[in-house]
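Observations on the three-dimensional arrangement
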Amino acid sequence: MTFIINDKRYMLSSYIHAGTATYPHLSKHPTLPLVYQQQQDSKQIPILSGGGSGHEPAHIGFVGQGMLTGAIFGPIFTPPHAADILEAIRFLDKGNGIFIIIKNFEADVKQFRTAIEQARKEGHHIKYVISHDDISIEPNTHFQIRGKGLAGTILLHKILGYFAQQGATLDELETIGLELATRIATIGFATKSATLPNAALPLFELENHAISYGIGIHGEEGYRTVAFQSSELLANEIVNKLKLHFHWRNKDDFVLLVNNLGTTTDLEMGIFLHDILQLLDIEGINPLFIKSGKYMTSLDMSGISVTLCQLDDNRWLEALQAKTDAFAW
Amino acid sequence: MSSIITKKKISRSFKALLETESFDKISIVDIMEKASIRRQTFYNHFLDKYQLIDWIFQNDLKEQITDNLDFISGKQLLKELFLYFEHHRYFYRQLFEMKGQNNFTSYFVEYCQIVVIKIIKEYSQRYMTPDFYTFHLNYHAHALADIFKLYVKHATDMPNLDFLIAEIAQDITLGDK
């Protein structure tokens, strides 16, 4: 595979520069791999998120009015360093405190927690939520649910971003975030593994025309590999696993986010979404809000993840429908 | 091409009709009208309503059991099965009562055997001779199949899953795994 690149050291800064040039509401911090909104009401609680790169447009594409205040990047599939996160907190907190959204990966949580502890010692008021929407299982752990942070994290960005814009306090954001995080579930499949830039081999082996169900976004293996037959059979398995998680009842209210994991074509996305919608309809579920596109990718992986969020609170829907200038929403 | 989504749409309307009508009184016309699909489509997927009910049973068991074997524990699988039968009680009450027409029971016992094998594999530490293992599998598969049928028929409470697992795993000191 050919990866379009120059010197690997400047990969991330090139990407960020291109992003801020294309979207003038975004700026890059002079020294940190941090993208932030240029004009945000200083009375509003800022929201920071971030993680390793390789998941673009996450999280730069979700920085904007009504979503994130800033996004901090680390190297490919590696979280930002605690020292950088700490610096980002100092930079974004204008005195009202700061809210942070972290994806549940051990390494990410460790770096963010270290930074948060240090920042708190310096007097910053910080609350955070850890997204854990992954309902796939970790193989060989007696069916333990993996609980990592996947594309469902973007719903936290949007809903919490809206409430922050509406003037929510840090405590209110925490309350909403903690409840919302338990209502989001994501599971997906891959038709092709991701390959690290210029690596000789992909992150996992998958034969041509084979599907791996329940993969992660860093090459984490799935729970089953099958030969591809049809889009509707893929959709059926995914809907069944989501049903197992939610135990939904006829007419329950849901939001649906179908995420392109990297290099699936738009045509395939549409075919698959159509199947998902029909299967949900058979279950008596008609999502009140639907998003489909690239939100949380895994480099050049081909595959799709499906996120459902059970709407316990009507204001969440209002938050999702509200305008934002974040370019990837 | 046969479509699982179309089959499921037809199945949904058939299951809904079975909640108020008996199997004998339901026609293909009724089923397809309720599904808002033209009648001919039925015959592209099924020969008759007997084949439809067979398909529902087989597909439901595949989705509930086979497709979950590598995804949830034996205990959770048992729980999900009870919840599933509870949710579709009307349908299965009629299905289990239809004898002679189809070979449901032996088919169902085969699926219960898969569940028993999984539970033994996950929860039993006891050595069983091959002969005893075969007997043990059969014994518990039949027992489980009948427990499910009684559960559907009499709307009893869900049995204590730990007890069922301990019985199947032959380990009465088993804790909550």
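Summarised in this report is the structure supplied together with it. On a predicted model such as this, the values are computed, not experimentally measured, just so you know.

Glancing now at unusual backbone geometry. For the peptide bond that leads from Glu56 of chain A to Pro57 of chain A, omega is 15 degrees, which places it in the cis range. Tracing the chain through its elements places Pro57 of chain A in the loop between β3 (47-53) and β4 (70-76). With an omega of -5 degrees, the peptide bond between Ala58 of chain A and His59 of chain A qualifies as cis. The residue Phe77 of chain A is not glycine, and still its phi comes out positive at about 55 degrees. Its location among the elements puts Phe77 of chain A in the loop between β4 and α2 (82-92). With a relative accessible area of 18%, Phe77 of chain A lands in the buried category. Backbone geometry places Ser36 of chain B, a non-glycine residue, at a positive phi of 55 degrees. If you trace the backbone, Ser36 of chain B turns up in the loop between α2 (28-35) and α3 (39-45).

This paragraph deals with the pattern of salt bridges. All names here are of chain A. Scanning the model with the defined rule gives 20 salt bridges over all chains in all. Between Asp171 and Lys127 there is a salt bridge, with the nearest N and O atoms lying 3.5 Å from each other. Note that Asp171 is positioned in helix α5 (residues 170-181) and Lys127 in strand β6 (residues 126-131), a separation of 44 residues in sequence. A relative accessible area of 25% places Lys127 in the partly exposed class. The salt bridge partner of Asp134 is Arg146, with a shortest N-O separation of 3.9 Å. Of this pair, Asp134 sits in the loop between β6 and β7 (137-138) while Arg146 sits in the loop between β8 (144-145) and α4 (153-165); the two residues are twelve residues apart in sequence, bridging distant segments of the chain.

Let us look at the sheet that holds β4 of chain A. Residue and element names in this part refer to chain A. In space, the six strands of this open sheet follow the order β1-β2-β4-β3-β5-β6, with mixed pairing throughout. Every interior strand has two partners, whereas the edge strands, β1 (26-28) and β6, have only one. Sheet twist, expressed as the mean angle between neighbouring strand axes with direction ignored, is 25 degrees. As judged from the six bridges shared by β3 and β4, these two strands associate in the parallel manner. The residue of β4 that forms the bridge with Ser53 is Ile76. Relative to β6, α5 is tilted by about 10 degrees, and along the sheet it contacts β5 (98-103) and β6.

Soluble, globular proteins show a tendency: their nonpolar side chains are buried together. Counting residues in each nonpolar core, the largest one holds 88 residues, and the members touching the most others are Leu242 and Phe272 of chain A together with Phe14, Leu78 and Phe85 of chain B. Sort the elements by how many residues they give to this core and helix α7 (residues 104-123) of chain B lands first, with ten residues. Look past the residues within four positions of Leu78 of chain B in its chain and what remains in contact with it is Val115, Ile119, Leu144, Phe148, Leu161, Leu164 and Ile165 of chain B.

Here the focus is the side chain of Glu63 of chain B. For Glu63 of chain B, the location among the structural elements is in helix α4 (residues 49-64). Under the relative-accessibility criterion, Glu63 of chain B is labelled buried at 8%. Within polar-contact distance, the side chain of Glu63 of chain B engages the side chain of Asn240 of chain A at 2.9 Å.

Moving on, we come to the packing of aromatic side chains. Residues and elements named next belong to chain B. Taken as a whole and assessed by the stated rule, the structure comprises 37 aromatic pairs over all chains. With a centroid separation of 5.5 Å and an interplanar angle of 50 degrees, the aromatic rings of Tyr107 and Tyr111 are classed as tilted. Here Tyr107 and its partner Tyr111 are both found in helix α7, four residues apart, which amounts to about one turn of the helix. In textbook terms, an aromatic cluster arises when at least three aromatic residues are bridged by ring pairs, as seen for Phe57, Phe82, Tyr84, Phe85, Phe91, Tyr92, Phe96, Tyr107, Phe108, Tyr111, Phe148 and Tyr151. In this structure, Lys15 is placed above the aromatic ring of Phe91, and the distance from its NZ or CZ to the ring centre is 5.4 Å. Directly above the aromatic system of Phe23 lies the positively charged group of Lys49, at a separation of 4.6 Å from the ring centroid.

We now examine the pairing of β3 of chain A. Residues and elements named next belong to chain A. Counting buried positions along β3 yields seven of seven residues, so the element is predominantly enclosed. Judged from the three bridges that link them, β3 and β5 form a sheet pairing that is parallel. Residue pairing across strands places Ile47 opposite Phe99, the latter belonging to β5.

Conventions used here
Residues numbered from 1 in each chain as written. Chains lettered and ligands numbered in written order. Predicted model: local features only at pLDDT ≥ 70, side-chain atom pairs only at ≥ 80, totals over all residues. Heavy atoms only, no water. Helix = DSSP H or I, 4+ residues; strand = E, 2+ residues; numbered from the N terminus. Buried < 20%, exposed > 50% of the residue type's maximum accessible area, 1.4 Å probe, protein only. Salt bridge = Lys/Arg side-chain N within 4 Å of Asp/Glu carboxyl O. Pairing = 2+ DSSP bridges. Axes fitted to C-alpha atoms, helices over the stretch in contact; angles between N-to-C directions. Contact = heavy atoms within 4.5 Å. Core = buried A, V, L, I, M, F, W, Y, C linked by side-chain atoms within 4.5 Å. Polar contact = N/O pair within 3.5 Å; in protein donor to acceptor, adjacent residues only side chain to side chain. Phe/Tyr/Trp six-rings, centres within 6.5 Å; stacked < 30°, edge-to-face > 60°. Lys NZ or Arg CZ within 6 Å of the ring centre and 35° of its normal.

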